[in-house]
Amino acid sequence: LAKTTQPISMDSYEGQEVNITCSHNNIATNDYITWYQQFPSQGPRFIIQGYKTKVTNEVASLFIPADRKSSTLSLPRVSLSDTAVYYCLVGDTETSYDKVIFGPGTSLSVIP
Amino acid sequence: EAGVAQSPRYKIIEKRQSVAFWCNPISGHATLYWYQQILGQGPKLLIQFQNNGVVDDSQLPKDRFSAERLKGVDSTLKIQPAKLEDSAVYLCASSLDLGLAGGRVTGELFFGEGSRLTVL
C-alpha cells in the first residue's frame, strides 16, 4: 500500500496562499495522486488529481516533483470558506481494482 | 445531475439494536463504496462493490456488518447488533470506472451527505 503523510493541521490568514505537502515515498509507477476536501457534516469532495509536474484547475494547483515522492496542494488566496480537512490519496494498484484509502488529512483553519 | 442519495441522515439507536442505511449512487456509476468516518478521523473503507460484486470487504466487521448491492444499483449497509463504537458517519460514494493505456487512474469519487449514527 502506498501510504501518505501530511500535517495534521495548519492555520492561515485570509488572502494568503496555502501550501499543503503530502509525502508518499513508496508511490508506485502507475499511481496517481488525488486530493479531496471535506467540510463539516459533508462528504469529501474531489479537488484535483495529477501524475507528475503541475496540474491547475479553477480551485487549486498540484505540484509534483520528478521523483513523485511528495506532492503539494496549493490554494491561492484562501478565504474563510476554505476551512476544511484536506486529504491526500495515492492510487493503490496492488489489486486488480483501485482502492481509495483516506488518511487522517490536514485540518486547515483560515483566520480572518 | 442528481448526486449520491443516502438515508436516513440521522439515526439514534441503543446498543444491540439493528440499523440499516440506504444508498442510491449516481446513475451509470459501476463502483460503489461504503465508508465509516469516526469523529476526527478520515473515512475508513468498509466495502467496495463493482456492479453487484464485492471487490474488497477486508475491513468490514462481518460478525455484525453486512452490505448488499442488488442489481448493481442501490445498496444497503446493515449493522446488527450495534455497539457503542459504531457511532460514526456512514458515507456512501460512487465512481465511474476509468482506465488509461499504460496506467491506472483512480476515478473521482462522488460522496453522499452521509448518515450519522449515534449508538447509546
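Please refer to the structure higher up on the page.
*Asks:* Tell me about the pattern of salt bridges, residues and numbers included.
*Replies:* Residues and elements named next belong to chain B. In this structure the tally under the stated criterion is three salt bridges over all chains. Put simply, Arg-9 and Glu-113 hold a salt bridge, and the shortest N to O gap is 3.2 Å. Residue Arg-9 is found in the loop between β1 (5–7) and β2 (10–13), and its partner Glu-113 is found in the loop between β10 (110–111) and β11 (115–119); the two are separated by 104 residues along the sequence. Overall, the relative accessible area of 29% leaves Arg-9 in the partly exposed class. Lys-62 is the salt-bridge partner of Asp-57, the closest N and O atoms lying 3.7 Å from each other.

*Asks:* Any chance you could break down the layout of surface pockets for me, citing the residues and the numbers?
*Replies:* Each pocket or cavity is described by its volume, and for the largest pocket that value is around 600 Å³. In terms of lining residues, the largest pocket is bounded by 34 residues, among which Gln38(A), Pro40(A), Gln37(B), Leu39(B) and Gly40(B) are the most central. For the lining of the largest pocket, the elements supplying multiple residues, two or more each, are β8 (84–90) and β9 (106–111) of chain A together with β9 (88–95) and β11 of chain B. Residues that form the lining of the largest pocket fall into these classes: 15 nonpolar, 16 polar and three charged.

*Asks:* Lay out the nonpolar core with the relevant residues and their values.
*Replies:* Residue and element names in this part refer to chain B. Grouped together as the largest cluster of nonpolar side chains are 21 residues, with contacts concentrated most on Phe-21, Trp-34, Leu-77, Ile-79, Tyr-90 and Leu-117. Where this core is concerned, the elements lending two or more residues are β3 (19–24), β4 (31–37), β5 (44–50), β8 (75–79), β9 and β11. Other than its neighbours up to four places away in sequence, Leu-117 contacts Lys-11, Ile-13, Val-19, Phe-21, Ile-79, Asp-86, Ser-87, Ala-88 and Tyr-90.

*Asks:* Break down the pairing of β11(B) for me, with residues and values.
*Replies:* Residue and element names in this part refer to chain B. Side chains of β11 alternate between two faces, with Ser-115, Leu-117 and Val-119 buried and Arg-116 and Thr-118 left unburied. Bridging between β2 and β11 involves four bridges; their strand directions are parallel. Bridged to Tyr-10 within β11 is Arg-116. The sheet contact formed by β9 and β11 spans three bridges and is antiparallel.

*Asks:* Could you give an account of the state of the cysteines, naming the residues involved and the relevant values?
*Replies:* In a disulfide, the sulfur atoms of two cysteines are covalently bonded to one another. Within this structure, the stated rule accounts for two disulfides over all chains. Residue Cys22(A) pairs covalently with Cys88(A) via a disulfide, S to S 2.2 Å. On the sign convention where negative is left-handed, the bridge of Cys22(A) and Cys88(A), at about -80 degrees about the S-S bond, is left-handed. Taken together, the residues span a long stretch of sequence, with Cys22(A) in strand β2 (residues 18–23) and Cys88(A) in strand β8 at a distance of 66 residues. Cys22(A) gets classed as buried once you look at its relative accessible area, which sits at 0%. In this model, Cys23(B) is linked to Cys92(B) through a disulfide, with the two sulfur atoms separated by 1.9 Å. Since a negative S-S torsion denotes a left-handed disulfide, the Cys23(B)-Cys92(B) link at about -70 degrees is left-handed. Residue Cys23(B) is located in strand β3, and its partner Cys92(B) is located in strand β9; the two are separated by 69 residues in the primary sequence.

Cut-offs applied
Residues numbered from 1 in each chain as written. Chains lettered and ligands numbered in written order. Predicted model: local features only at pLDDT ≥ 70, side-chain atom pairs only at ≥ 80, totals over all residues. Heavy atoms only, no water. Salt bridge = Lys/Arg side-chain N within 4 Å of Asp/Glu carboxyl O. Helix = DSSP H or I, 4+ residues; strand = E, 2+ residues; numbered from the N terminus. Buried < 20%, exposed > 50% of the residue type's maximum accessible area, 1.4 Å probe, protein only. 1 Å grid on protein atoms, 1.4 Å probe; cavity = no way out; pocket = protein on both sides within 12 Å on 5 of 7 lines; lining within 4 Å. Points joined across faces, edges and corners; volume = space filled by probe spheres on them. Nonpolar A, V, L, I, M, F, W, Y, C, P; charged D, E, K, R; others polar. Core = buried A, V, L, I, M, F, W, Y, C linked by side-chain atoms within 4.5 Å. Contact = heavy atoms within 4.5 Å. Pairing = 2+ DSSP bridges. Disulfide = S-S within 2.5 Å.

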